[in-house]
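Notes for the structure review
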Amino acid sequence: MITGHFPIARFETLETPFYYYDMEVLSDTLRAVNTERSVVECSNAPFNVHYAIKACSTPAVLQMIAQAGLGADCVSGGEVKAAIEAGFAAEKIVFAGVAKSDKEIRYALEQGIFCFNVESMEELEVISSLASEMGVRARVCLRINPDINAHTYDKITTGLSENKFGIPMRFLNQAVELCYRLPEIDFLGLHFHIGSQITDMEPFIHLAHRINELVAQVEQMTCTDHEGKAVHPVVRHINIGGGLGILYEHPNHFPIPDFKSYFDTWRTHLQLRADQQAHCELGRSIVAQCGNLVTRVLYIKKGENKQFAIVDAGMNDLIRPAMYGAFHRVENISHPDKEEQLYDIVGPVCESSDVFVENYHIAAVQRGDLLVMRSAGAYGETMASQYNLRRLPGHVIS
Ligand SMILES: *Cc1c(COP(=O)(O)O)cnc(C)c1O
């Protein structure tokens, strides 16, 4: 069995389970993103990439991403704060989320973030009135629900009309009119997000065409500003959301996601003028492959027809398999060369869904072996809980 490279002697001295971040993988990934986003054609500026903090907010990881020049995509006041503390410039921070509280909006306005991705007309009015109280202006993009199927897991589609996210397309013109009527609001453009873990470029092509139509629709409008003057809206910023997926099956062979296809797809299909800028929000594709959950085998249990490898990590440490039916490759790094056997790899939590993988071939394990769950950098540590009063896994940096 081929495994990744891990400092096993160092792991042996640490209490398991814990997350291990390989900063070399992260830095290679960031280099690839920066190369691919900057291929400048015509007079267009490079894509602005905002890293989606919710995927992994471990400070050392955030700092490396900020240093690479990326912006931040935040979905709570806590994330805006973490982004600023990690060194992301306020003018590169965007703030999305269906239910921003007044306190979160005030905090983001105080910090002078680049823009709010606004998800309803009510929210526009609230942001405007809070900005007015504070004597500041608020820059906004409207998050439009484009009703496009991302063909990913049901629980991670966001751009279908049945999802709670964004403003329905039929209210787009009304929302743009409201932006111009409200005196504190600066309308920057449009925002979209159709889901996560998308590896097929087809949904992105579909979305690009939809965006081209919607931008044209908005720019044909005539609005009235708060002084009663006629204005023609201009869409200067187009934010195409996140969603690029990774290959969970192949962390060793394909550790760097296909950023080239992703950016080439947008360059080919999204119409951008020289006065327009494209933004995207990548979370998973930046951090998934640099993170691993390291765990120790506690017991090998023979069931009626099955063999269980019971490990000391549980669904509270890594919930993706239980929540989304997601797959993480598991490797035995203590004895990688033993003959493979069939196991269900399960955790200690008192829930039947505390299963990492079923009917899985792995180099034969024994009590005390260290296993790694690969590709766990995104939505791993950030989703950990203390369910069953277990300790939080914590992390180690390479
Ligand atoms: C979660 C999220 C992202 C990141 O999605 P990934 O699939 O992890 O890249 C981007 N934008 C918004 C608005 C999000 O909520």
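If you're wondering where the values come from, they're calculated on a predicted model, not measured in any experiment. (Residues numbered from 1 in each chain as written. Predicted model: local features only at pLDDT ≥ 70, side-chain atom pairs only at ≥ 80, totals over all residues. Heavy atoms only, no water.)

1. A few points about the packing of aromatic side chains
- For the structure shown, the criterion picks out 13 aromatic pairs.
- Arranged with centres 5.3 Å apart and planes meeting at 75°, the rings of F11 and F18 form a pair that is edge-to-face. Each member of the pair, F11 as well as F18, is classed as buried.
- With a centroid separation of 5.3 Å and an interplanar angle of 85°, the aromatic rings of F204 and Y262 are classed as edge-to-face. Placement of the pair is F204 in helix α8 (residues 202-219) and Y262 in helix α9 (residues 259-269), with a sequence separation of 58 residues.
- Given the relative accessible area of 1%, F204 is considered buried. (Phe/Tyr/Trp six-rings, centres within 6.5 Å; stacked < 30°, edge-to-face > 60°. Buried < 20%, exposed > 50% of the residue type's maximum accessible area, 1.4 Å probe, protein only. Helix = DSSP H or I, 4+ residues; strand = E, 2+ residues; numbered from the N terminus.)

2. Some thoughts on the pattern of salt bridges
- Tallying each qualifying case throughout the model produces 20 salt bridges.
- Among the ionic pairs, E227 bridges to K229, the shortest N-O distance being 3.3 Å.
- On the accessibility criterion, E227 (57% relative accessible area) is exposed.
- On the basis of relative accessibility, which here comes to 47%, the residue K229 falls in the partly exposed class.
- Each of E219, R236, R273 and D275 takes part in one network of salt bridges that share partners. (Salt bridge = Lys/Arg side-chain N within 4 Å of Asp/Glu carboxyl O.)

3. Details of the pairing of strand β14 (residues 307-311)
- In terms of burial, β14 is largely enclosed, as 4 of its 5 residues are buried.
- Strand direction decides the pairing type here: strand β13 (residues 291-302) and β14, joined by 5 bridges, are antiparallel. Residue pairing for β14: I300 is matched across the bridge by A309.
- What sits between the antiparallel neighbours β13 and β14 is a turn of 4 residues.
- Note that β14 and strand β16 (residues 340-346) share 3 bridges and pair parallel. (Pairing = 2+ DSSP bridges.)

4. A look at the state of the cysteines
- Enumeration over the complete set of coordinates arrives at 0 disulfides.
- Free cysteine: C56, not disulfide-bonded; nearest cysteine sulfur from C290 at 6.3 Å.
- Residue classification places C56 among the buried residues on the basis of a relative accessible area of 1%.
- Free of any disulfide, C141 has its nearest cysteine sulfur in C115, 3.9 Å distant. (Disulfide = S-S within 2.5 Å.)

5. Brief notes about the domain arrangement of the protein chain
- The assigned domain composition of the protein chain is domain 1 (8-13 + 289-397) and domain 2 (23-287).
- When each unit is reduced to the centre of its C-alpha atoms, the spacing between domain 1 and domain 2 is 34 Å.
- By the criterion of area lost to domain 2, the three top residues of domain 1 are Q289, C290 and Y379, representing 34% of everything that side buries.
- In this assembly, domain 1 and domain 2 are joined by 0 salt bridges.
- Taken together, domain 1 and domain 2 are joined by 10 residue pairs in polar contact (both at pLDDT 80 or more).
- Elements that contribute at least two residues to the side of domain 1 that touches domain 2 include exactly α11 (320-324) and β19 (395-397). (Domains from an automatic or database assignment. Buried area = accessible area lost by both parts, 1.4 Å probe. Polar contact = N/O pair within 3.5 Å; in protein donor to acceptor, adjacent residues only side chain to side chain.)

6. What to know about the site of the ligand
- Neighbouring residues of the ligand: 14 residues in total, closest K54, S196, E281, G283 and Y379.
- Separating an oxygen atom of the ligand from a backbone N or O atom of G283 is a distance of 2.8 Å.
- Interatomic distance of 2.8 Å between a backbone N/O atom of R284 and an oxygen atom of the ligand.
- Protein chains bury 94% of the 390 Å² of accessible surface belonging to the ligand in isolation.
- Grouping the amino acids of the shell around the ligand by side-chain chemistry returns 4 nonpolar, 5 polar and 5 charged. (Near = heavy atom within 4 Å. Areas by Shrake-Rupley, 256 points an atom, 1.4 Å probe, with all protein chains shown as cover. Nonpolar A, V, L, I, M, F, W, Y, C, P; charged D, E, K, R; others polar.)

7. Brief notes about the nonpolar core
- Counting 105 residues, the largest nonpolar core has F88, F116, L142, L190, I286, V287 and I345 as its most contacted members.
- With 7 residues, the single largest contributor to this core is α8.
- A domain split of this core shows at least three residues from each of domain 1 (8-13 + 289-397) and domain 2 (23-287).
- The residues touching V287, leaving out its near neighbours within four places in the chain, are L26, Y51, A55, C56, V61, I65, G377 and A378.
- Counting 9 residues, the second largest nonpolar core, distinct from the first, contains F11, Y20, I333 and V396. (Core = buried A, V, L, I, M, F, W, Y, C linked by side-chain atoms within 4.5 Å. Contact = heavy atoms within 4.5 Å.)

8. A few points about the environment of N149
- When you line up the elements, N149 lands in the loop between β6 (138-145) and β7 (167-168).
- Separated by 46 residues in the primary sequence, N149 and G195 place their C-alpha atoms 8.4 Å from one another.

9. Some thoughts on the packing of α8 against α9
- Closest axis-to-axis distance for the α8/α9 pair is 9 Å, and the angle between their directions is 35°. Our pair here, α8 against α9, has a crossing hand that is right-handed. Every residue of α9 that contacts α8 at F204, I205, L207, A208, H209, I211 and N212 is listed here: Y262, T265, W266 and H269.
- Classifying every residue of the contact of α8 with α9 gives 7 nonpolar, 4 polar and no charged. (Axes fitted to C-alpha atoms, helices over the stretch in contact; angles between N-to-C directions. Left-handed = near helix turned anticlockwise from the far one by under 90°.)

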